[in-house]
Structures are given as C-alpha cells and as structure tokens.
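Geometric and topological summary
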Amino acid sequence: MERETIYEGLVRKGVSRRDFLKFCASTAAVLGLSSSFVPKIAEAMEKKQKPVVVWLEYQDCAGCSESILRASKPTIGQIVLDVVSLEYHETIMAAAGHQAEKSLHDAIKNYKGKYLVVVEGAIPLKDGGVYCTIGGKSAVDLIKEICKDAMAVIAVGNCACFGGVPAAKPNPTGAVGVMDIIKDKPVINLPGCPLNVENFTATVVYFLTFGKLPAVDKLKRPLFAYGKLIHDNCERRGHFDASEYVKAWGDKGHRQGWCLFQMGCKGPFTNHNCPTIRWNEGVSWPVMAGHPCIGCSEPKFWDNNLYAEAEKNSFYAKAVGLAAMAGIANKVKTE
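Remember, predicted model here, so these are calculated numbers, not experimental data.

**A word on the pairing of strand E3 (residues 115-120)**
- Burial analysis of E3 places six of its six residues in the buried class, the great majority of the element.
- Where burial is concerned, the two faces of E3 agree: the one with Tyr 115, Val 117 and Val 119 and the one with Leu 116, Val 118 and Glu 120 are both buried.
- Inspection of the sheet shows strand E1 (residues 52-57) paired to E3 by six bridges, in the parallel sense. Residue Trp 55 lies in a different strand from E3, and its bridge partner there is Val 118.
- As paired strands, E3 and strand E7 (residues 152-156) are joined by five bridges and run parallel to one another. Bridge pairing in E7 links Val 117 to Val 153.

Right, dumping it as structure tokens:
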C-alpha cells in the first residue's frame, strides 16, 4: 500500500484548501522565493509522498525537539503526521527499549535509500565514543550505520552542526558535529540554539519540491536562512547607524530599544534569519525583547565571550573573517 501524499494527509486532518495554500505561500516566503513558486510547491505537496524521517538524538538538551513541539506553522501534529513520516524519534515516540530499536531498524531496512536522517546533538569521539551510547552502541557507530543508506542528513541545532555546548572548551568528550563524521552523504546544517522549526520545515519542503537540498554556504547552512547577517535586518539597525547604543541594562537607551552592540550583541557577525521569521508565531525574538544576539548559529559561539563589550568583539570578527567588522569596530572606537 502506497503512503499518502502530504496534501492527502492534510485533507484527511481537515485542513482546508485555503489554509494549505497559505502554508505553501508562507514556506515560499521563508525560502526567499517569489510568489510564482507557490504553485510549484503546492504541486509537490499534492503529488509527493511524505518523506520518511529518522530522528536521532545524542549529546544535547532536547531543546531542538522542544522547538519542534512549539511549532505553529505547521503545528507539531502536521509536522509529525502530515509533512514528514516520522518513523523514529527517541524523545516523543511511544515505543521504548527493544521495541523502539526495532522501529529504527525496520525503518532503515524498509526504506533503504529513501529516508532522511535528522540529527540533534553532538557526537563524542574521545575514548571510542563511550560518552554517548544507546543499546550498547556508541553514537558515532550508530550514526555511521544509520546514515549509510540515507538520502540526505539534516543536522539541527548548533550541537549537531558544530559540536555546540558539548564541544565548548575543554571539550572533555571530544564532541563534534555531523559533518565531521558523515562525508559520503549530502549534509545540511540548520544551526541555532535551538533551531527555528520554520527553517526545518522549509528545508524539507524545498527538498520535496526541487528534489535536492537548497544552496548552502561554506558551513553547509542554507542560504535562504543564513545568507544574511542578523545586523542587516535588525530592527535596531537604525539606532546603530545613528550611534545610539545601550550602555547599561535598564538605561534610557535600553528602555527605548537602542542598539545592543556595546552590550555584546553578535548580530554584526552572525548569519541567521531570526529578525525576519522571529519566534512564537512571529511575535518576537531575543534582540527585539532586549537581549543581545549570542551568535548561536556560528561555530564555537559558546567560547566567544557571549557578553563581551564591543571592543572585545573585534577578535571574534577576525575569527569569523568578516571584513565589515573593521568598520564597525572603528566606528565604536572613535565615539
């Protein structure tokens, strides 16, 4: 029996044609595509079967799974049941123990070469990988075994992409990201702490629509989500250009929404679409709420003085190779 298409699943769940087209239009917007691509996305959703997904979880806090559970476009029910066919997820699946392991092995056997692997969390390599084991197998051995017959691998969250917090100095377990281990399969990184689920959904829809993963930067991050600096689209950018900075928490500038650069904001060095898609149904995001960006979509963000004042940010700019920082640092220094 053939699996139902995404659209068939949505209709079965009572989703109207209007809401389906709104979902296609909002996904096209996240992908940075014009409205002319909406019919193409809709056609793919109508005709293609739900992709089989195996979700692995290793060294992490489960924050990315929590982010998925807080998804609103589409809801968690739509993601799990209608956009993807989630065959295995250690945290939210009902099965446990040997029954759960059987579900995993059945999925990779029955859908050989046709499933996507989503990885959440870093993978420890030190001492043979003994610091993360499931069912007696190390995470590094498991990910190699499961990814061997996958179509592609999606790393979600900074831990799975770059090692994240588990890889912070002194990195006692030798934690690394997925792309440091999997070399023979397409790997795409969706970093963040946690990831924004709209970027995950858009990546899956792009894969279904165009039959390939979206274009990526040198860190394997999709350009539609990580192609621009947070600084470029920040609603506080006008205050930066006007040299209006928050100097202390709760001061006049902080209360009036001025630029947080001198409070350690990493927006000028961080590529992410947080200012445009935001969180909580697009209501807000950290900088809008008065907290500086901590650069959680960049490698080694935890080791880069999260709240260092502006002058100390210049070393971080050198680390990520952003020439624009020189102008920013000089601007602040001369004031």
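**Observations concerning the sheet that holds E1**
- The parallel open sheet is built from five strands, whose spatial order is E2-E1-E3-E7-E9. Since the sheet does not close on itself, it has two edges, and those belong to strand E2 (85-89) and strand E9 (187-190), each with one partner. With strand direction ignored, the average angle separating the axes of adjacent strands in the sheet is 20 degrees.
- Most of the contacts of helix H6 (residues 97-110) go to E2, to which it runs at about 135 degrees, and overall it touches E1, E2 and E3.
- Seen against the sheet, helix H7 (residues 139-147) touches E1, E3 and E7 and runs at an angle of roughly 160 degrees to E3.

**A few points about the environment of His 105**
- Along the chain, His 105 falls in helix H6.
- A relative accessible area of 32% places His 105 in the partly exposed class.
- Residues His 105 and Ile 146 lie 41 residues apart in sequence; the distance between their C-alpha atoms is 8.6 Å.

**Describing the packing of helix H2 (residues 17-30) against helix H9 (residues 197-210)**
- The geometry of H2 relative to H9 is characterised by a closest axis approach of 9 Å and an angle of 100 degrees between their N-to-C directions. Compared by their axis directions, H2 and H9 come out roughly perpendicular. Of the residues in H9, those touching H2 at Phe 23, Thr 27 and Val 30 are Glu 198, Asn 199, Thr 201, Ala 202 and Val 205.
- Taken together, the residues of the contact of H2 with H9 break down into four nonpolar, three polar and one charged.

**What to know about the pattern of salt bridges**
- Taken as a whole and judged by the stated rule, the model has seven salt bridges.
- Here Arg 237 makes a salt bridge to Asp 241, at a shortest N to O gap of 3.1 Å. Note that Arg 237 and Asp 241 are positioned in helix H12 (residues 237-241) at a spacing of four residues, about one turn of the helix.
- Owing to a relative accessible area of 28%, Arg 237 belongs among the partly exposed residues under this scheme.
- Relative accessible area serves as the criterion here: at 47%, Asp 241 is assigned to the partly exposed category.
- The structure contains a network of salt bridges with shared partners spanning Asp 217, Arg 221 and Glu 298.

Conventions adopted
- Residues numbered from 1 in each chain as written.
- Predicted model: local features only at pLDDT ≥ 70, side-chain atom pairs only at ≥ 80, totals over all residues.
- Heavy atoms only, no water.
- Buried < 20%, exposed > 50% of the residue type's maximum accessible area, 1.4 Å probe, protein only.
- Helix = DSSP H or I, 4+ residues; strand = E, 2+ residues; numbered from the N terminus.
- Pairing = 2+ DSSP bridges.
- Axes fitted to C-alpha atoms, helices over the stretch in contact; angles between N-to-C directions.
- Contact = heavy atoms within 4.5 Å.
- Parallel < 35°, antiparallel > 145°, perpendicular 65-115°, else oblique.
- Nonpolar A, V, L, I, M, F, W, Y, C, P; charged D, E, K, R; others polar.
- Salt bridge = Lys/Arg side-chain N within 4 Å of Asp/Glu carboxyl O.

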